[in-house]
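Listed below are the residues making up each chain.
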Amino acid sequence: MDRTEMFTRITRSAAETAQLAQMVGKKLHEGTVVCLDGDLGAGKTLFVQNVAKMLGVEGEVTSPTFNLMNVYEGICRVYHFDLYRLENAAELEDIGFYEYTEDPDGIVFIEWSDKFPEELPDDYLSIRIDRLAEDAAARCITFRAVGEEYQDDLKELDEFCRF
């Protein structure tokens, strides 16, 4: 039975979003796939940058919009995909998407994962970042565990990631 649990957090600034991402980074483990969705400029890359910092990645973490994928070394390998420019699912094969999402020794971040939902692994953490209309800097960040594998991780994040 496929279960989907979720929780939300509200951040009031980019600094609070970064702080939340760093908290998440303390709890992620190798083999995790994290899908990030939201409008352009919502903060997906900011989120990945701050998780990567907690995972020991040194140097600049940039959006792979034009490269489609960046790889970073930290306490584990970090794969960062941006699917925004892809037109069809066949292109995923060309960039090694399936092999990387199955790497048990790395952590995978997929921005714009909602473009190809049928190509995602059976289990992943979903993070949706939405702007709040009343405050341009505020974000509603929704965390979901899709599938069975990350249900316990989601509960741990819910308890750990509180302001």
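Use the structure listed above.
## Notes on the nonpolar core
Grouped together as the largest cluster of nonpolar side chains are 49 residues, with contacts concentrated most on Phe 47, Phe 81, Leu 83, Phe 109, Ile 110 and Phe 143. For Phe 47, the residues in contact, after removing those within four places along its chain, are Thr 17, Leu 20, Ala 21, Val 24, Leu 36, Ile 127, Ile 129, Ile 141 and Phe 143.

## Things to note about a negative patch on the surface
Residues Glu 93, Asp 94, Glu 99 and Glu 102 make up a contiguous surface patch of negative charge. For Glu 93, the location among the structural elements is in helix α3 (residues 90-94).

## Looking at the pattern of salt bridges
The tally for this structure, following the rule as stated, stands at six salt bridges. For Glu 156, the salt bridge goes to Lys 27, with nearest N and O atoms at 3.2 Å. Here the residue Glu 156 occupies a position in helix α5 (residues 151-160), and Lys 27 occupies one in helix α1 (residues 14-27), the gap between them amounting to 129 residues. The exposure class assigned to Glu 156 is partly exposed, which follows from its relative accessible area of 35%. Classification of Lys 27 by relative accessible area gives partly exposed; the value is 30%. The partner of Arg 162 in a salt bridge is Asp 158, and the shortest N-O contact between them spans 3.5 Å.

## Side note on the side chain of Asp 82
By the element assignment, Asp 82 lies in strand β4 (residues 77-82). Among the polar contacts made by the side chain of Asp 82, one reaches the main-chain amide nitrogen of Tyr 84 at a distance of 2.9 Å.

## A look at the packing of α1 against helix α2 (residues 44-54)
Close contact between α1 and α2 brings their axes to 7 Å; oriented N to C, the two are set at 45°. When the axes of α1 and α2 are compared, the pair comes out oblique. Read as a crossing pair, α1 and α2 show a hand that is right-handed. Of α2, the residues touching α1 (which contributes Ala 14, Thr 17, Ala 18, Leu 20, Ala 21, Gln 22, Val 24, Gly 25 and Lys 26) are Leu 46, Phe 47, Asn 50, Val 51, Lys 53 and Met 54.

## Concerning the packing of α1 against α5
Contact geometry of α1 with α5 gives a least axis separation of 10 Å together with a crossing angle of 135°. Here α1 lies oblique to α5, going by the angle between them. Here α1 runs over α5; the crossing is right-handed. Contacts from Met 23, Val 24, Lys 26 and Lys 27 in α1 reach Glu 156, Leu 157 and Phe 160 in α5. Its residues placed into classes, the contact of α1 with α5 shows four nonpolar, no polar and three charged.

## Topic: the packing of aromatic side chains
In total, this model carries seven aromatic pairs according to the counting rule given. For the ring pair Tyr 79 and Tyr 100, a centre distance of 4.7 Å and an interplane angle of 45° mean the geometry is tilted. Residue Tyr 79 is found in strand β4, and its partner Tyr 100 is found in helix α4 (residues 97-101); the two are separated by 21 residues along the sequence. A residue is classified by how much of its surface remains accessible, and Tyr 100, at 26% relative accessible area, is partly exposed. Seen from their ring centres, Tyr 84 and Trp 112 are 4.8 Å apart, and the 50° between their planes marks the pair as tilted. Here Tyr 84 is found in the loop between β4 and α3, whereas its partner Trp 112 is found in the loop between β5 (106-111) and β6 (124-132), with 28 residues between them in sequence. By way of ring pairs, the aromatic residues Tyr 79, Phe 81, Phe 97, Tyr 98 and Tyr 100 are connected into one cluster. Against the face of Phe 160 rests Lys 27, its NZ or CZ located 4.5 Å from the ring centre.

Rules used throughout
- Residues numbered from 1 in each chain as written.
- Predicted model: local features only at pLDDT ≥ 70, side-chain atom pairs only at ≥ 80, totals over all residues.
- Heavy atoms only, no water.
- Core = buried A, V, L, I, M, F, W, Y, C linked by side-chain atoms within 4.5 Å.
- Buried < 20%, exposed > 50% of the residue type's maximum accessible area, 1.4 Å probe, protein only.
- Contact = heavy atoms within 4.5 Å.
- Patch = residues over 30% accessible without salt bridge, like charges linked within 9 Å, V, L, I, M, F, W, Y side chains within 5 Å.
- Areas by Shrake-Rupley, 256 points an atom, 1.4 Å probe, with all protein chains shown as cover.
- Salt bridge = Lys/Arg side-chain N within 4 Å of Asp/Glu carboxyl O.
- Lys, Arg positive; Asp, Glu negative; His and termini not counted.
- Charge placed at Lys NZ, Arg CZ, Asp CG, Glu CD.
- Helix = DSSP H or I, 4+ residues; strand = E, 2+ residues; numbered from the N terminus.
- Polar contact = N/O pair within 3.5 Å; in protein donor to acceptor, adjacent residues only side chain to side chain.
- Axes fitted to C-alpha atoms, helices over the stretch in contact; angles between N-to-C directions.
- Parallel < 35°, antiparallel > 145°, perpendicular 65-115°, else oblique.
- Left-handed = near helix turned anticlockwise from the far one by under 90°.
- Nonpolar A, V, L, I, M, F, W, Y, C, P; charged D, E, K, R; others polar.
- Phe/Tyr/Trp six-rings, centres within 6.5 Å; stacked < 30°, edge-to-face > 60°.
- Lys NZ or Arg CZ within 6 Å of the ring centre and 35° of its normal.

By themselves, these are just geometric observations and shouldn't be taken as functional.
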